[in-house]
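Descriptive structure summary
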Amino acid sequence: MPGEKTTLIILDVHPWRESSFLVYCFSHAHGLLHCLAKGIRRAKKTGTVIERGSIVEALVYSKPGRELHTLGSIQPALFFKSIRTDLGKSALRDVAFEIMLKSVRDPDPHPELYDALIGLLTELNASEPATIFPFALWRWIDVHVRLLGYGIDTRICARCGADHLAQTGGTLHYERGAIVCSTCSEPGPARYLPPASLRVLGANKIDERVVKREIAAAHALRITRLLIGYCGHHFEFRAEAASLAFLEDVFGVCYG
Ligand SMILES: [Zn+2]
């Protein structure tokens with residue numbers, strides 16, 4: 001049976017026996033794949049060929065009805081060097097990967113999700129750390145949930161239709177995937193999104209340095225948790241993931 005040459009984003013890697021790895025990866029044509037990568041020597045000095053966050057080209061061998069595929073002839077294609085060496089960027093990437101793994105469970109191809117994730121990795125890799133942290137993750141979540149049918153409507157208040165959210169901010173309504181203005185929403189700041197954060201989610205061209213001046217670090221962390229919680233609500237996972245703990249650890253260092 002011939003393998004099919006495929007480009008893969010490596011989302012998660014676990015060593016398996018002496019020289020193999022169990023890998024979760026995402027491809028343009030096949031979506032999420034769980035694979036066994038056999039016979040990979042773990043080079044002691046240079047690390048491994050298969051590394052979380054990298055892009056590889058490989059032959060994928062699938063058998064109908066099997067959930068675990070086999071990878072062969074693995075060649076590294078792209079390492080995103082700047083993400084690997086930056087705590088903040090790798091923390092954002094890991095949260096995105098975890099959301100990806102928890103929100104996509106079907107075996108269908110999702111080329112648009114693949115493209116969005118490549119977009120995030122490319123942006124993280126190319127940007128100055130101080131300008132994207134953590135906004136690149138917010139924007140990616142906004143796109144990711146929309147592509148999966150749970151987009152957040154940030155334009156108008158979901159109750160009264162007021163269109164001044166860009167000036168006033170509003171409360172994120174998990175169930176409706178919408179924002180409710182301050183006049184209509186119940187008191188309680190837990191799910192409040194300030195105007196600057198709605199500009200980030202609106203995916204407009206924004207100056208993130210300006211946004212950063214408007215949102216204090218504590219609120220930026222709260223909003224990040226809020227958006228991850230939104231994913232957890234719709235994709236049924238609990239938000240206190242390992243990747244979130246790491247992001248919280250580096251937040252104070254990276255936000256500024
Ligand atoms: Zn309203």
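Residues numbered from 1 in each chain as written. Predicted model: local features only at pLDDT ≥ 70, side-chain atom pairs only at ≥ 80, totals over all residues.

Moving on, we get to the overall build of the chain. When helices and strands are tallied, the chain shows ten helices and nine strands. For a compact globule of 256 residues, the expected C-alpha radius of gyration is about 18 Å, and the chain comes in at 20 Å, within 12% of that figure. Expressed along its principal axes, the backbone C-alpha trace of the chain runs to roughly 60 × 40 × 30 Å. Burial statistics for the chain: of 256 residues in total, 36% are counted as buried. Sequence separation of at least 24 residues holds for 58% of the intrachain contacts in the chain that already meet a minimum separation of 6. (Helix = DSSP H or I, 4+ residues; strand = E, 2+ residues; numbered from the N terminus. Rg over C-alpha atoms; globule rule 2.2 N^0.38 Å. Buried ≥ 20, exposed ≤ 12 C-beta atoms within 10 Å, placed from the backbone. Contact = placed C-beta atoms within 7 Å.)

Our focus in this paragraph is the packing of helix 3 (residues 111-126) against helix 5 (residues 135-147). With their axes 10 Å apart at the nearest point, helix 3 and helix 5 run at an angle of 175° to one another. The angle between helix 3 and helix 5 falls in the class roughly antiparallel. Taking contact as the criterion, the partners of Glu112, Leu113, Ala116, Leu120, Glu123 and Leu124 in helix 3 are, on helix 5, Ala136, Trp140, Val143, His144 and Leu147. Of the residues assigned to the contact of helix 3 with helix 5, the class counts are eight nonpolar, one polar and two charged. (Axes fitted to C-alpha atoms, helices over the stretch in contact; angles between N-to-C directions. Parallel < 35°, antiparallel > 145°, perpendicular 65-115°, else oblique. Nonpolar A, V, L, I, M, F, W, Y, C, P; charged D, E, K, R; others polar.)

Before going further, it helps to spend a moment on the domain arrangement of the chain. When cut into domains, the chain gives domain 1 (4-79) and domain 2 (82-254). Look at where the C-alpha atoms of domain 1 and domain 2 centre, and you get two points 28 Å apart. Across the contact, 13 residues belong to domain 1 and 14 residues belong to domain 2. Residue assignment for the side of domain 1 that touches domain 2 shows that the elements contributing at least two residues are strand 1 (4-16), strand 2 (20-27) and strand 3 (31-37). (Domains from an automatic or database assignment.)

Strands pair in a sheet through their backbones, by hydrogen bonds, and they do so in one of two ways: parallel or antiparallel. Taken together, the five strands give a closed barrel; going around it, the order is 1-2-3-5-4, and neighbouring strands pair in mixed fashion. Averaged over all pairs of adjacent strands, the angle between strand axes in this sheet comes to 50°, irrespective of strand direction. Sheet topology places strand 3 next to strand 5 (residues 68-78); four bridges connect them, and they run parallel. Bridging from a neighbouring strand, cysteine 35 pairs with histidine 69 of strand 5. Relative to the sheet, helix 2 (residues 87-103) contacts strand 1 and strand 2, its axis offset from that of strand 1 by approximately 105°. (Pairing = 2+ DSSP bridges.)

Bringing the nonpolar core into the picture now. Formed by 68 residues in total, the largest nonpolar core has its most connected members in Cys25, Phe26, Val95, Ala96 and Leu117. Counting residues per element, this core draws most heavily on helix 5, which supplies eight residues. When residues of this core are sorted by domain, at least three fall in each of domain 1 (4-79) and domain 2 (82-254). Aside from chain neighbours lying at most four places away, what touches cysteine 25 is Leu8, Ile9, Ile10, Leu11, Leu33 and Cys35. (Core = buried A, V, L, I, M, F, W, Y, C linked by C-beta atoms within 7 Å.)

In this fold, isoleucine 156 is placed in strand 6 (residues 153-157). For the pair isoleucine 156 and isoleucine 179, spaced 23 residues apart in the sequence, the C-alpha separation amounts to 7.1 Å. If sequence neighbours within four positions are ignored, isoleucine 156 has contacts with Gly161, Ala162, Asp163 and Leu165.

Residue pairs spaced three or four apart in an α-helix point in one direction, given the helix's 3.6 residues per turn. The terminal C-alpha atoms of helix 9 (residues 217-235), which comprises 19 residues, lie 27 Å apart, in line with the 27 Å expected from a rise of 1.5 Å per residue. At the C-terminal side of helix 9, glutamate 236 shows a positive phi close to 60°. (Expected span 1.5 Å × (residues − 1).)

Mapped onto the secondary structure, aspartate 153 falls in strand 6. In the structure, aspartate 153 is positioned 117 residues away from leucine 36 in sequence and 40 Å away in space, judged by C-alpha atoms. Residues in contact with aspartate 153, not counting those within four places in the same chain, are Ala158, Gly177, Ala178 and Ile179.

This part covers the sheet that holds strand 7 (residues 170-173). Judged by pairing direction, the sheet is mixed, and its four strands sit side by side in the order 6-8-7-9 without closing on themselves. With one partner strand each, in any of the chains shown, strand 6 and strand 9 (192-193) form the two edges of the open sheet. Across three bridges, the pairing between strand 7 and strand 8 (residues 178-180) is antiparallel. Each residue of the ladder has a partner; that of histidine 173, found in strand 8, is alanine 178.

As defined by bridge partners, strand 2 adjoins strand 3 across seven bridges and the pair is classed as antiparallel. Bridge pairing links valine 23 to cysteine 35 in strand 3. If you look at the hairpin formed by strand 2 and strand 3, you'll find three residues sitting between the two strands.

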